[in-house]
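Single-letter residue listing:
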Amino acid sequence: MNELTKSFVDKVAERIVGLLKEGTAPWQKPWQAGEADGLLPTNPVTGNRYKGINALHLMCQDREDQRWMTYKQAESIGAQVRQGEKGTPIQYWKFSEEHTKTDQNDQPVLDADGKQVKHTVRLERPALYMATVFNAAQIDGLPPAQRRSDQQNPAWSPIERAEGILQASGATVRHSNQDQAFYRAQTDTIHLPEKGQFAQPDQYYAVALHELGHWTGHESRLGRDMNHPFGSEGYAREELRAEIASMILGDELGVGHDPKQHAAYVGAWIKAIEDDPLEIFRAAADAEKIQEYVLGIEQKQQHEHQQEHQQGQALDDEAQQVADFLAANKNLLPGKVAQNALDAPPPLRAILADAAKMKALDPKVDALLQGMNQTYIDETKAVVAATLGRADTKELSEAAQMARSQMPAGAKHDLDDAELVADFIARNLNLTSDKVADNALQAPPALKAILSDNERMAALDGQVNTLLQNLNQAYIDETQSVIASALNRPDAQERQDRARQSWAMRPELPGNDSDDAQLIADFISANVNLYPDKVAANMMESSNAVKALMQDDRRIDALWGQVT
């Protein structure tokens, strides 16, 4: 220890001993929650708080404004230390230095702009340095100090924050009606009076945090020497550390600081510092470790909450992706659903292929799809599971079949089913009979179950025709007839008779002219570049509507203008 450092240690120790004797050492001053902000010294240029012995030393200077900075730092923000002002020394440790990077020839390495490249070198042994700082009251050109309360969220609650730390610590806290507060190292327990015995909630939490400071000394945490009987010098040294930490935490959390219950230790503190001036330095350093450990509990809790929030948000996003996929595919053919599942973007496909993930997302997905027919959703899920080879395929298929069998016949389901049928008919209206039949046989399970049920189809006829009211009824009835035949429904003959009757009774109207012209134009455009034998084959395989039109010369002549 050089003479300058020794002088600093002695001066700081002497100053603190003197204030202890007067009862005005920093941690001896009571501070109530809600009183003036900024009890602890800070550097407004770096935004950092002074710590350890530097904090205590600067607090001993009896300054109201707790902003401190070096001469150069004041200049860097356009302020000026007044001439003749005397600075206050502080000390700091340097653990690394910035060096200029050199090449193999020991020449400086330059970057693209021609500037020397710097790199940080860790010192083999930390070096202790001194610096001089000035208080804001000694500097001209500084803006007024900003109150900490002005910078904080109005919803911020010191009490809730302190309670959160106590809960997150996992410390065993036992309450009783006795007017005593202490930490018992042998059982690793904190003992406190009941909350109702304190005049204000902040007083309870100030005491609780002091005892939590002792709790950090357990061998499983910071591992301080806690095996000292009450009233001993070792016990008093531990109280000094906890009391300084309590002051720091009280300022950080805004719950205040009440030193009166530890006034009995002042004599022991004075003796310990007088016997060894470095004791106050060690106590201040340990107090910072206590503060860091306690606030670390809060930071860990916040990190866990943030992770939970992010995970929840990620699940919401994944559920939305799955819900969008199911909604877009619920009325498609199984083959198309399967292809869409295989062609899904990799992140979505990974979710769809993960049985455990899909099960976890189910409640969120179903909530997003509320209002849609759950049977169709379940059947689409089953197709996706089967396509991607999931282990829960059988379970989902059975669930879908059960949902289909139990689906009640009600207005909502009628409309869902009618829309499903109407969509299918509209997509198949102008296709060949064979193609319509193939599509009916390959329809999604939910749709095929409806199309195969003649009673259900009869019940839905009115709603289906209403949904398709702008389309040609003769084409609709003919498509219905092909579906009934393809699925071997009992009403197949009845549907064929209805289609023939509808075609025979179709009036010659401009609207029908347009439909027929479009039908002929579509057929011609699809066959215009084919060989005659292929065109003839396509004609034979075309729908009855197309055949009837193409065989009617008078009708062709009447429509040719529109077809062209």
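Residues numbered from 1 in each chain as written. Predicted model: local features only at pLDDT ≥ 70, side-chain atom pairs only at ≥ 80, totals over all residues. Heavy atoms only, no water.

Caption draft 1: View of the overall build of the protein chain. When helices and strands are tallied, the protein chain shows 24 helices and 10 strands. For 564 residues, the compact-globule estimate of 2.2 N^0.38 gives 24 Å, and the C-alpha radius of gyration of the protein chain, at 42 Å, exceeds that figure by more than 25%. With respect to the three principal axes, the spread of C-alpha positions in the protein chain is 120 × 70 × 45 Å. Here the protein chain holds 564 residues, and 41% of them are scored as buried. Sequence-distant contacts in the protein chain: of pairs separated by 6 or more residues, those separated by 24 or more amount to 71%. Charged side chains of the protein chain number 57 positive and 84 negative; the gap between the two group centres comes to 5 Å. (Helix = DSSP H or I, 4+ residues; strand = E, 2+ residues; numbered from the N terminus. Rg over C-alpha atoms; globule rule 2.2 N^0.38 Å. Buried < 20%, exposed > 50% of the residue type's maximum accessible area, 1.4 Å probe, protein only. Contact = heavy atoms within 4.5 Å. Lys, Arg positive; Asp, Glu negative; His and termini not counted. Charge placed at Lys NZ, Arg CZ, Asp CG, Glu CD.)

Caption draft 2: Broad picture of the side chain of S481. As for its placement among the helices and strands, S481 is situated in helix α19 (residues 473–486). The residues contacting S481, other than those within four sequence positions of it, are R495, Q496 and A499.

Caption draft 3: View of the pairing of strand β6 (residues 118–135). Note: strand β3 (residues 68–69) against β6, two bridges, orientation antiparallel. Paired with M69 across the strands is F134, a residue of β6. Pairing analysis gives 12 bridges linking strand β5 (residues 88–100) to β6, with the strands arranged antiparallel. Looking across to β6, one finds that K94 is bridged to A127. (Pairing = 2+ DSSP bridges.)

Caption draft 4: Geometry of a nonpolar patch on the surface. Judged by side-chain polarity, W93, F95 and L128 come together as a nonpolar surface patch covering roughly 300 Å² of accessible area. Here W93 shows up in strand β5. (Patch = residues over 30% accessible without salt bridge, like charges linked within 9 Å, V, L, I, M, F, W, Y side chains within 5 Å. Areas by Shrake-Rupley, 256 points an atom, 1.4 Å probe, with all protein chains shown as cover. Salt bridge = Lys/Arg side-chain N within 4 Å of Asp/Glu carboxyl O.)

Caption draft 5: Region of the structure containing the sheet that holds strand β9 (residues 182–184). Spatially, three strands are ordered β8-β10-β9 in an open sheet, and the strand pairing comes out mixed. In the strand order of this sheet, the two ends are held by β8 (172–176) and β9, each with one partner. Between one strand and the next, the sheet's axes are offset by a mean angle of 30 degrees, whatever the strand orientation. One ladder, built from three bridges, connects β9 with strand β10 (residues 189–193); its direction is antiparallel. Residue pairing in the sheet places F182 in a bridge with H191 of β10. (Axes fitted to C-alpha atoms, helices over the stretch in contact; angles between N-to-C directions.)

Caption draft 6: How the structure looks around unusual backbone geometry. Its identity as a non-glycine residue notwithstanding, D106 has a phi of 65 degrees, on the positive side. Take D106: it is sitting in the loop between β5 and β6. You can call D106 exposed: its relative accessible area is 58%. Phi angles above zero are rare outside glycine, and D188 is one such case at about 55 degrees.

Caption draft 7: Here's a closer look at the packing of aromatic side chains. Tallied over the full model, the rule gives 10 aromatic pairs. Look at F8 and F281: their rings are 6.2 Å apart centre to centre, the planes differ by 80 degrees, and that puts the pair in the edge-to-face class. Placement of F8 in helix α1 (residues 3–22) and of F281 in helix α9 (residues 278–329) is noted, with a sequence separation of 273 residues between them. Residue F8 is classed as buried on the basis of its relative accessible area, which comes to 4%. The exposure class assigned to F281 is buried, which follows from its relative accessible area of 10%. When the centroid spacing of 5.2 Å and the interplanar angle of 75 degrees are considered together, the rings of F230 and Y235 count as edge-to-face. For F230, a relative accessible area of 67% corresponds to the exposed category. What links up through ring pairs into an aromatic cluster is the set W27, F230, Y235, Y265 and W269. Here the basic side chain of K94 rests over the ring of Y129, its NZ or CZ set 5.5 Å away from the ring centre. (Phe/Tyr/Trp six-rings, centres within 6.5 Å; stacked < 30°, edge-to-face > 60°. Lys NZ or Arg CZ within 6 Å of the ring centre and 35° of its normal.)

Caption draft 8: Looking closely at the pattern of salt bridges. All told, the structure shown has 28 salt bridges when counted by the stated rule. A network of salt bridges, in which partner residues are shared, links D461, R489, D491, E494, R495 and R498.

Caption draft 9: Focus on the packing of helix α5 (residues 158–169) against α9. Where α5 contacts α9, the two axes come as close as 9 Å, and the packing angle between them is 90 degrees. Here α5 is positioned roughly perpendicular relative to α9, judged by the angle of their axes. Taking contact as the criterion, the partners of R161, G164, I165, A168 and S169 in α5 are, on α9, V294, L295, I297, E298 and Q301. Grouping the amino acids of the contact of α5 with α9 by side-chain chemistry returns five nonpolar, three polar and two charged. (Parallel < 35°, antiparallel > 145°, perpendicular 65-115°, else oblique. Nonpolar A, V, L, I, M, F, W, Y, C, P; charged D, E, K, R; others polar.)

Caption draft 10: Molecular detail of the sheet that holds β3. Spatially, three strands are ordered β3-β6-β5 in an open sheet, and the strand pairing comes out antiparallel. Two strands close off the open sheet at either side, each with one partner strand: β3 and β5. Taken strand by strand, helix α2 (residues 52–59) contacts β3, β5 and β6, and its axis lies near 145 degrees from that of β5.

Caption draft 11: Just the environment of I280, in detail. Along the polypeptide, I280 turns up in helix α9. The spatial distance from the C-alpha of I280 to the C-alpha of W269 is 8.8 Å, given a sequence separation of 11 residues. Residues in contact with I280, not counting those within four places in the same chain, are I16, W27, I53, L56, L240, I244 and I273.

Caption draft 12: Geometry of α5. Between its first and last C-alpha, α5 extends 17 Å over 12 residues, near the 16 Å set by a 1.5 Å rise per residue. Where α5 is concerned, the buried positions are R161, A162, G164, I165, L166 and S169. Of the surrounding secondary structure, the elements contacted by the buried residues of α5 are α6 (201–215), α7 (233–253) and α9. Following α5 by one or two positions, G170 adopts a phi angle in the positive range, close to 80 degrees. (Expected span 1.5 Å × (residues − 1).)

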